[in-house]
Amino acid sequence: MTINTHLTEFAGRPVVVFDPEEELPADPGAVAWRLTAEYDTSGEDFAGLVEQFLGKVEPASVQALIVGQWGSAYEEKAPVELLVGLAARLTGLRALFLGEMTFEECEISWIQQTDVTPLLVAYPELETLRVRGADGLVVTPTRHEALRELAFESGGLPAAVVRAVGECDLPGLTHLELWLGTDNYGGDATVEDLAPILAGTRLPALTYLGLRDAEIADPVAAALAGAPVVARLQTLDLSLGILSDTGAAALLAGQPLTHLRRLDLHHHFVSEDMAARLVAELPGVEVDLSDVQEADSDGDRYVDVAE
């Protein structure tokens, strides 16, 4: 899969691309604003676009913000410092997506990220943070009371980031989504790195856990079979990865999963017989087994999102 479309909705709001020449919507706070520059512009140009935006839209009214291209995302790091500097003006901000780009704008594994922890410090009322791209991504363990949704989309999520997320105290978090990816693009996390997340001690409110796009999908499934966090989940999402019969069997052999509302396994390498077992042994659970994949002639399996 390549990410080839932009969001039309974010944080429960329709997305509106800011254009200084176009009329504003009647209620600027009811939409998710998308700010994006051309790929051949600079970070300074993006900063100028942001100032134009805040000159036309009351800053305190902005509740959801999507940052697309900030110039050449292949070369320039995400504008975290700029966003942190706006915190005193963007007092109503509750949802932020950093790096929402299609593959035509910048391949996911080429997006230049940076330390995003200052965003959590600067915006203590932030409820949703999504970040796309993991090249240069840093997370420092922190505590955030208001955060409800945290997602890192990548073709390869570094182990250091996974461990740092596990060391964060996020008492209100209900949705955690990690695209683990492949070692070819920096996704070097192991099941051991996921241990604090699977224990769930610092995530008491979690109801959705997504360990997606994982080259280590089978070992992750085996670890989930006995993970304490699973008992409180409503949705377990192992989609986009290379789950096989080995991982599926481990899920069924482990702790009961019949309390789940949804088990998302789409884009998988599970056989027809094992897929039938999953459905039969999890009555009442919505099991998504769409997008069946086959290994190539060498027996290799591939995650859905890499480069």
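Quick caveat: nothing in here was measured; it's all calculated off a predicted structure.

Grouped together as the largest cluster of nonpolar side chains are 88 residues, with contacts concentrated most on Leu65, Leu98, Phe152, Leu176, Leu209 and Leu224. If we skip the residues at most four places from it in the chain, Leu65 touches Phe10, Trp33, Leu35, Phe53, Leu83, Leu90, Leu93, Ala95, Leu96 and Phe97. Of all hydrophobic cores here, the second largest spans seven residues; its members include Val15, Ala64, Ile66 and Ala95.

This part is about the packing of aromatic side chains. Summed over all chains, the structure comprises four aromatic pairs. Note on Phe18 and Phe53: the rings are 5.2 Å apart at their centroids and 75° apart in plane angle, and the pair reads as edge-to-face. Taken together, the positions of Phe18 in the loop between β2 (13-17) and β3 (32-35) and Phe53 in helix α1 (residues 43-56) put the pair 35 residues apart, joining distant regions of the chain. The exposure classification of Phe18 matches that of Phe53, with both residues buried. On the basis of an interplanar angle of 65° and a centroid distance of 5.3 Å, the ring pair of Trp33 and Phe53 is categorised as edge-to-face. With Trp33 in strand β3 and Phe53 in helix α1, this pair connects stretches of sequence that are 20 residues apart. Accessibility expressed as a relative area gives 1% for Phe53, which makes it buried. Taken together through their ring pairs, the aromatic side chains of Phe18, Trp33 and Phe53 make up a single cluster.

Taken together, the side chains of Glu38, Asp40, Glu44 and Asp45 define an acidic patch exposed on the protein surface. Judged by relative accessible area, which is 58%, Asp40 ranks as exposed.

What follows deals with the pairing of strand β4 (residues 64-67). Residue alternation in β4 divides its side chains into two sets, Ala64 and Ile66 and Leu65 and Val67, and both sets are buried. As paired strands, β3 and β4 are joined by four bridges and run parallel to one another. Each bridged residue has a counterpart across the sheet, and for Arg34 the counterpart in β4 is Ile66. Crossover handedness for the path β3 to α1 to β4: right-handed. As paired elements, β4 and strand β5 (residues 95-98) share four bridges and run parallel to each other. Each bridged residue has a counterpart across the sheet, and for Ala64 the counterpart in β5 is Ala95. In this view, the connection linking β4 to its parallel neighbour β5 by way of helix α2 (residues 80-85) has right-handed handedness.

Here we take up the sheet that holds β2. One open sheet accounts for 12 strands, arranged β1-β2-β3-β4-β5-β6-β7-β8-β9-β10-β11-β12; its pairing is mixed. Either end of the sheet is taken by a strand with one partner, and the two such strands are β1 (9-10) and β12 (286-288). Inspection of the sheet shows strand β11 (residues 262-264) paired to β12 by three bridges, in the parallel sense. Across the sheet, residue Leu263 finds its bridge partner in β12, namely Val287.

On to the pattern of salt bridges. Taken as a whole and judged by the stated rule, the model has 17 salt bridges. Across the salt bridge formed by Arg89 and Glu51, the nearest N and O atoms sit 3.1 Å from each other. Here Arg89, found in the loop between α2 and β5, pairs with Glu51, found in helix α1; they are 38 residues apart in sequence, far enough to count as distant. Ionic pairing is found between Asp218 and Arg301, a salt bridge with its closest N-O pair at 3.7 Å. On the criterion of sequence distance, the pair formed by Asp218 in helix α6 (residues 217-224) and Arg301 in the segment after β12 is long-range, its members being 83 residues apart.

Turning our eyes to something else, we now look at helix α4 (residues 159-167). Among all positions of α4, only Ala159, Val161, Val162, Ala164, Val165 and Gly166 are buried. On its buried face, α4 is in contact with β7 (149-153), β8 (175-181) and α5 (191-199).

The next subject is a nonpolar patch on the surface. Taken together, the side chains of Tyr74, Trp110 and Tyr185 make up a nonpolar region of the molecular surface, amounting to roughly 280 Å² of accessible area. Relative to the helices and strands, Tyr74 resides in the loop between β4 and α2. Owing to a relative accessible area of 33%, Tyr74 belongs among the partly exposed residues under this scheme.

Procedures and definitions
Residues numbered from 1 in each chain as written. Predicted model: local features only at pLDDT ≥ 70, side-chain atom pairs only at ≥ 80, totals over all residues. Heavy atoms only, no water. Core = buried A, V, L, I, M, F, W, Y, C linked by side-chain atoms within 4.5 Å. Buried < 20%, exposed > 50% of the residue type's maximum accessible area, 1.4 Å probe, protein only. Contact = heavy atoms within 4.5 Å. Phe/Tyr/Trp six-rings, centres within 6.5 Å; stacked < 30°, edge-to-face > 60°. Helix = DSSP H or I, 4+ residues; strand = E, 2+ residues; numbered from the N terminus. Patch = residues over 30% accessible without salt bridge, like charges linked within 9 Å, V, L, I, M, F, W, Y side chains within 5 Å. Areas by Shrake-Rupley, 256 points an atom, 1.4 Å probe, with all protein chains shown as cover. Salt bridge = Lys/Arg side-chain N within 4 Å of Asp/Glu carboxyl O. Lys, Arg positive; Asp, Glu negative; His and termini not counted. Charge placed at Lys NZ, Arg CZ, Asp CG, Glu CD. Pairing = 2+ DSSP bridges. Right-handed = clockwise from strand over helix to strand, strands pointing away.

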